[in-house]
Structures are given as structure tokens and as C-alpha cells.
Amino acid sequence: VLVRRWLPTELKLRASQREKAEQLKRELEESLRAAREGEARFLLASSASRDFVWDADLRTGRVFVAPRFLELLGFPVADWPLTQEPWLRVLHPDDAPRVKRAIRACLKGETPTYDERVRAVRRDGSVVHLHAAGACLRDEATGRATRFAGFIRDVTAELVAEEARVQGQKLESLGTFAGGVAHDF
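As the structure is a prediction and not an experimental result, all values here were calculated from the model.

1. Details of the overall build of the chain
Looking only at helices and strands, the chain features five helices and five strands. When its helices and strands are written in sequence order, the chain yields α-β-β-α-α-α-β-β-β-α. Residue burial in the chain is summarised as follows: out of 185 residues, 25% are buried. Taking the intrachain contacts of the chain between residues at least 6 apart in sequence as the baseline, contacts between residues at least 24 apart amount to 45%. As displayed, the chain offers around 13300 Å² of accessible surface, 59% of which is attributable to carbon and sulfur atoms.

Here it is in C-alpha cells:
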């Protein structure tokens, strides 16, 4: 008699648990699908951008850097560890102290964002000019930075073009001056 009462109740309970487990599985699969779609959209959009995205998880120490940025620097993706240390090694020695101070100030919350023009030394020894900017995500309870993410843009061509423009203006001014002096004689 006891088994007759217990068995239907137990079967209903197990069926209910199975339904809940299947619902959770469907929700998890949907979340994973949505995350994969979001990642695919992000990667597609960032591949079309002139900006290189970076993201540092400060809790784990892992750093994501866009593969195209590593190509710009001449490093194979497989040779680049997923930590911040390689980035600090490629900074131009004259820029490294300033950049480190700016990063620390942002991480400590002394500045709301990180925004610096920096030089990096490529694997072949040549120098590339970069604009790097980022911001921190903070733990609401402690205020500590948990993520540090942003973008890097190669501004070398823009700097070279600006230098050429300024040089052209100087030469034009010199020519005007020389023409004025020649006219006086």
C-alpha cells in the first residue's frame, strides 16, 4: 500500500525535475548561442575597424589582444602570451614609464579613463605610433578594477602625413621669405 502511494508521487516529482532540467538546458543552450552570435558580430565589426581591441581580466591576469594588432607588431599570435607583460615589453623605452603611470592611475580610479599616444617597437625593430585608450570596469562592492579594456589604433601614417604637411609649410614660408629678400635686392 505504501509503495502504491509513494510511487506515483515519486514519478511526478522526477518528471517535474526532468522538465526543469530540460528547461534549464534549453535556456543554457540559448544563452550560449546568443553569446556566440554576439562574439561573431563583435569579431566581424572589429575586423572592419582600424582599431585593435584589447581586454584584460584583472582577476585572472588573462589579456585578449586583437590578432591583427599582433600582426602589426610582427608577432605570431601563437608566440604572444595572454598576459600584460608582452605589451609592456614592446613599449618604446622612453614611453614606458609614462604609460605605466597612466595605466596605474586609471586602475586606481585616479583618472576615469586611460588615453595615451605611445610608441611600440615592432619585432623587426621599427617603431609604430599608437593611440591607446581604455576604461575600467569596477566591482560595485569594493570599487576595485576587475576589467581593463579599450582600443589601440595605429596612427603612424597620420603622424607622418602631419609632419610632411608641417615641413611643406616651412619650406613654403622659406620660399616666400627668400622671394621677398630677392625682390628687395
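2. Focus on the pattern of salt bridges
A complete count under the given rule lists 10 salt bridges for this structure. Residue Asp 57 pairs with Arg 59 through a salt bridge whose shortest N-O separation is 3.4 Å. For Asp 57, a relative accessible area of 15% corresponds to the buried category. Overall, Arg 59 belongs to the exposed group, its relative accessible area being 60%.

3. Some details on the sheet that holds strand S1 (residues 51-57)
If you trace the five strands from one edge of the open sheet to the other, you get S2-S1-S5-S4-S3, paired in antiparallel fashion. The sheet is open, and its two edges are formed by strand S2 (62-65) and strand S3 (113-121), each paired on a single side. Within the sheet, the average angular offset between the axes of one strand and its neighbour, ignoring direction, is 20°. In the sheet, S3 pairs with strand S4 (residues 127-138) via nine bridges, with the strands oriented antiparallel. In the sheet register, Val 118 faces S4, and the bridge partner there is Leu 130.

What counts and how
Residues numbered from 1 in each chain as written. Predicted model: local features only at pLDDT ≥ 70, side-chain atom pairs only at ≥ 80, totals over all residues. Heavy atoms only, no water. Helix = DSSP H or I, 4+ residues; strand = E, 2+ residues; numbered from the N terminus. Buried < 20%, exposed > 50% of the residue type's maximum accessible area, 1.4 Å probe, protein only. Contact = heavy atoms within 4.5 Å. Areas by Shrake-Rupley, 256 points an atom, 1.4 Å probe, with all protein chains shown as cover. Salt bridge = Lys/Arg side-chain N within 4 Å of Asp/Glu carboxyl O. Pairing = 2+ DSSP bridges. Axes fitted to C-alpha atoms, helices over the stretch in contact; angles between N-to-C directions.

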